Amino acid sequence: MKRVITLILCLVTVILPLASCGGSIDISSEDKGDIFNAYITGDLYTFDPGLDITDEASVKILGLIYEGLFRLDEKGKLTNGLANQVEITEDPASEEYKMRISIKETKWSDGRALTADDFVYAWKRVMEPTYKSTAAALLYEVKNARAVKAGDASIDDLGVVALDTYLLEITFEGKIDYENFKKNLASLSLVPLREDSVASNSRYWSRRHATLVTNGPLVIKSIDRDENTMRLERNNYYYRDTEEDKLDKYVTPYRILVHFIKEEDRPSGQRAYADDLEAIYAEYAAGSLLYMGDVPLSKRAELQKQAHVTDANSTYTYMFNTANTLFADARVRRALSMAIDRKAIADILVYADPATGLIANTVFNATSGKSFRDVHGGVLSTTADLDGARALLTEAGVKSGSFTITYKQNEAEQAVAEYIAGVWSELGFRVELKPLTATMETVVENSEEIDYYIDSVQEAYEKGDFDVLAVDISMLSTDAFPALAAFALEFSGNGIDMSSETYDFFPHLTGFNDAGYNEIIERAFAEKDIAKRADILAEAEAYLMNQMPVMPVVFNKDCYLVSKELSGLKSSYLGYRIFSKVNYKNYVYVPEE
């Protein structure tokens, strides 16, 4: 980790003439604020909140650079983000049900005003018939939303409009549970986006940090992939009146130098990855890094008391490609699921719970205040039944077969893949492990060659290029509906096939399309009493787990270490830290230029 020490020394060398670590000095200009080093998550290659979240780690950065209308605090309580006031109007006679949200005045990271139109654009993007995103399920209660996604109505018919610069109006198909809908709006998938930024480069816009505009408390200033660092700095326009307010009125830290692990060029090097994470932990233990958003496997048991561990809003899941003839029979998929010991896998990971269904522990059960899991119980066994698995395979007429498990290269996923491959080998299958790293694409833009890094797991997911693929399935909100609806044909969010004569819906990316399951989700959507709907969703989950297009492995845990030098750190229920009001006890003072 010489690079970490070198960077710290460089910072100190530049700043020492201006400051001392122990206290303030007499400077005429305003102090910019805290600078500290942190490891937040592994390297990320795209910062598009509209894409399906297949890696829980991406939430930890997206939550820092974007902000939506609402937030969920550490306990899941809804609080205002950009929303200022909410007004509900109902007129049963005319069947008009509306929500008007006035938006606080703030600006994008380039100084342009953020307006209601930025929400309209972002949400219409998700609902375009050709755009693939499971986040569409968050908005299906909006008027004409299903018709728009099906290509039966124009995108301009979507019941979302900017009435004024800072006033957003949402019209619904009928009376809904408005509080539940507001929790949907806390999702990172529904944050505002700038049309001029996205539309100018639809594939690569969020991969080019130099032109990326965001609206959260922090902004990406630079990414150095040779040094494996990302420089996050205060968004000076975040709610701030630049004429009147101090620099740190809304965001205390000036800069967070984020270190990550370079995952490219590791054809066989899982040990190298583990070594890197352990080396980063050594820097944290030495005091060079003040925050660590993950813990090496080798240290997890030892650090259980020091680590902050909470439930993450996602489930680590293996997806089966049902187009593969081996996985076309649900009995084979169930057998593979039955064979694994989820408790043993959770023990390997230390910070995880064995999955008892698809819906994670963080999801609420309607208005009861309890979790969906506590109310409805588990639908999966946490222990293995190899004999039962063999019997199912015999019933299906399957004795053997070959397939590949694809996953993101890191030590935790490698350990899980090795365990599961070993179990499935006992059933007679030949299993190849395929850890993926980023790939690089060189694109010519305005006569300039630009290198873009592409997340290979995300690409395999979007293209359906896998036999078995390991992903984190995000719950998207605290409601079970969006996560379960994604497996129903007309709710998948994958839009329609414009090349087909009848504009057929694309099913879930596993290829799963089951009439019985589709009917259950239709009933759940039609039921507007969310307490009653929860029972239908429990029925849907049980049905889905019997069909098993996806195999939940563990409920993810969010874990981090933080130095006593930092205070004021808060967390979101969605699994990311909030650094806005963090104070670094011994930071170096930096005068404003």
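Residues numbered from 1 in each chain as written. Predicted model: local features only at pLDDT ≥ 70, side-chain atom pairs only at ≥ 80, totals over all residues. Heavy atoms only, no water.

A. Region of interest: the overall build of the protein. When helices and strands are tallied, the protein shows 17 helices and 23 strands. In terms of principal-axis extent, the alpha carbons of the protein reach across some 80 × 65 × 55 Å. For the protein, the residues scored as buried account for 59% of the 593 residues in total. Here the analysis covers contacts within the protein between residues at least 6 apart in sequence; of these, 71% occur between residues at least 24 apart. As displayed, the protein has an accessible area near 23900 Å², and 46% of this comes from carbon and sulfur atoms. (Helix = DSSP H or I, 4+ residues; strand = E, 2+ residues; numbered from the N terminus. Buried < 20%, exposed > 50% of the residue type's maximum accessible area, 1.4 Å probe, protein only. Contact = heavy atoms within 4.5 Å. Areas by Shrake-Rupley, 256 points an atom, 1.4 Å probe, with all protein chains shown as cover.)

B. Fine view of the packing of helix H9 (residues 330-339) against helix H17 (residues 530-547). Contact geometry of H9 with H17 gives a least axis separation of 7 Å together with a crossing angle of 95 degrees. Considering the angle they form, H9 stands roughly perpendicular to H17. For the pair H9 and H17, the contacting residues are Ala-330, Arg-333 and Arg-334 in the first and Met-545, Asn-546 and Gln-547 in the second. For the contact of H9 with H17, the per-class residue count stands at 2 nonpolar, 2 polar and 2 charged. (Axes fitted to C-alpha atoms, helices over the stretch in contact; angles between N-to-C directions. Parallel < 35°, antiparallel > 145°, perpendicular 65-115°, else oblique. Nonpolar A, V, L, I, M, F, W, Y, C, P; charged D, E, K, R; others polar.)

C. Quick look at the pairing of strand E9 (residues 229-234). Within E9, 5 of the 6 residues are buried, which leaves it mostly tucked inside the rest of the structure. The antiparallel pairing of strand E8 (residues 218-224) with E9 creates a hairpin that spans 4 residues between the two strands, and Asn-228 there sits at a positive phi of about 60 degrees. Pairing geometry for E9 and strand E10 (residues 253-259), over 5 bridges, is antiparallel. Following the sheet pairing, Arg-231 is matched in E10 by Leu-257. (Pairing = 2+ DSSP bridges.)

D. A look at the packing of aromatic side chains. Following the criterion strictly, the structure yields 26 aromatic pairs and no others. Each ring, one from Tyr-140 and one from Phe-491, has its centre 5.4 Å from the other, and the planes form 90 degrees; the classification is edge-to-face. Note that Tyr-140 is positioned in the loop between helix H3 (116-127) and helix H4 (145-149) and Phe-491 in the loop between helix H15 (480-485) and helix H16 (515-526), a separation of 351 residues in sequence. The two residues Tyr-140 and Phe-491 agree in class, both being buried. An aromatic cluster is present here, built from Tyr-316, Tyr-318, Phe-320, Phe-327, Phe-403, Trp-424 and Phe-429 joined pairwise through their rings. Over the face of the ring belonging to Phe-506 we find Lys-132, whose NZ or CZ atom lies 4.5 Å from the ring centre. Stacked on the ring of Phe-525, the Lys or Arg Lys-528 has its end atom at 4.0 Å from the ring centre. (Phe/Tyr/Trp six-rings, centres within 6.5 Å; stacked < 30°, edge-to-face > 60°. Lys NZ or Arg CZ within 6 Å of the ring centre and 35° of its normal.)

E. Region of interest: the pattern of salt bridges. In total, this model carries 32 salt bridges according to the counting rule given. A salt bridge links Lys-463 to Glu-459, with the nearest nitrogen and oxygen atoms 3.3 Å apart. Linking Lys-463 with Glu-459, this pair stays in helix H14 (residues 456-463), spanning 4 residues, or about one helical turn. Of the residues examined, Glu-459 reaches a relative accessible area of 18% and is grouped as buried. Of the charged contacts, one joins Glu-539 and Arg-523 as a salt bridge, the two residues approaching to 2.8 Å between their closest N and O atoms. Of this pair, Glu-539 sits in helix H17 while Arg-523 sits in helix H16, and the two are 16 residues apart along the sequence. (Salt bridge = Lys/Arg side-chain N within 4 Å of Asp/Glu carboxyl O.)

F. Representation of helix H2 (residues 56-65) in the model. Most of H2 sits out of view: 10 of its 10 residues are buried. Considered for burial, the residues of H2 that qualify are Glu-56, Ala-57, Ser-58, Val-59, Lys-60, Ile-61, Leu-62, Gly-63, Leu-64 and Ile-65. Against E8, E9, strand E12 (308-320), strand E18 (468-474), strand E19 (550-562) and strand E22 (577-578) lie the buried residues of H2.

G. Local environment of the sheet that holds strand E4 (residues 83-91). Taken together, the 4 strands give an open sheet; going across it, the order is E4-E5-E7-E6, and neighbouring strands pair in antiparallel fashion. Where the open sheet ends on each side, the last strands, each with one partner, are E4 and strand E6 (160-164). Averaged over all adjacent pairs, the angle separating strand axes in this sheet is 25 degrees, with direction ignored. Contacting strand E5 (96-103), E6 and strand E7 (167-172), H3 crosses the sheet at an angle of about 170 degrees to E6.

H. A look at the pairing of strand E1 (residues 34-39). Here E1 lies mainly inside the structure; 6 of its 6 residues are buried. As paired strands, E1 and E10 are joined by 5 bridges and run parallel to one another. Its bridge partner being in E10, Asn-37 is matched across the sheet by Leu-257. One ladder, built from 2 bridges, connects E1 with strand E11 (residues 291-292); its direction is parallel. By the bridge assignment, Ala-38 is partnered in E11 with Tyr-291.

I. Up close: unusual backbone geometry. Here Tyr-239, not a glycine, exhibits a phi torsion of approximately 60 degrees, which is positive. Residue placement: Tyr-239 occurs in the loop between E9 and E10. At Met-548, a position not held by glycine, the phi torsion is positive, near 55 degrees. With respect to the secondary-structure elements, Met-548 resides in the loop between H17 and E19. For Met-548, a relative accessible area of 2% puts it in the buried group.

J. Local environment of the environment of Ile-280. Considering the arrangement of structural elements, one finds Ile-280 in helix H7 (residues 270-285). Given the relative accessible area of 0%, Ile-280 is considered buried. C-alpha separation for the pair Ile-280 and Ala-339, spaced 59 residues apart in sequence, amounts to 36 Å.

K. Here's a closer look at helix H13 (residues 411-426). A rise of 1.5 Å per residue sets the reference length of H13, with its 16 residues, at 22 Å; its end C-alpha atoms lie 23 Å apart and thus fit the reference within 8%. For H13, the complete set of buried residues consists of Glu-411, Ala-412, Glu-413, Gln-414, Ala-415, Val-416, Ala-417, Ile-420, Ala-421, Val-423 and Trp-424. Downstream of H13 by a residue or two, Gly-428 has a phi angle that is positive, lying close to 105 degrees. (Expected span 1.5 Å × (residues − 1).)

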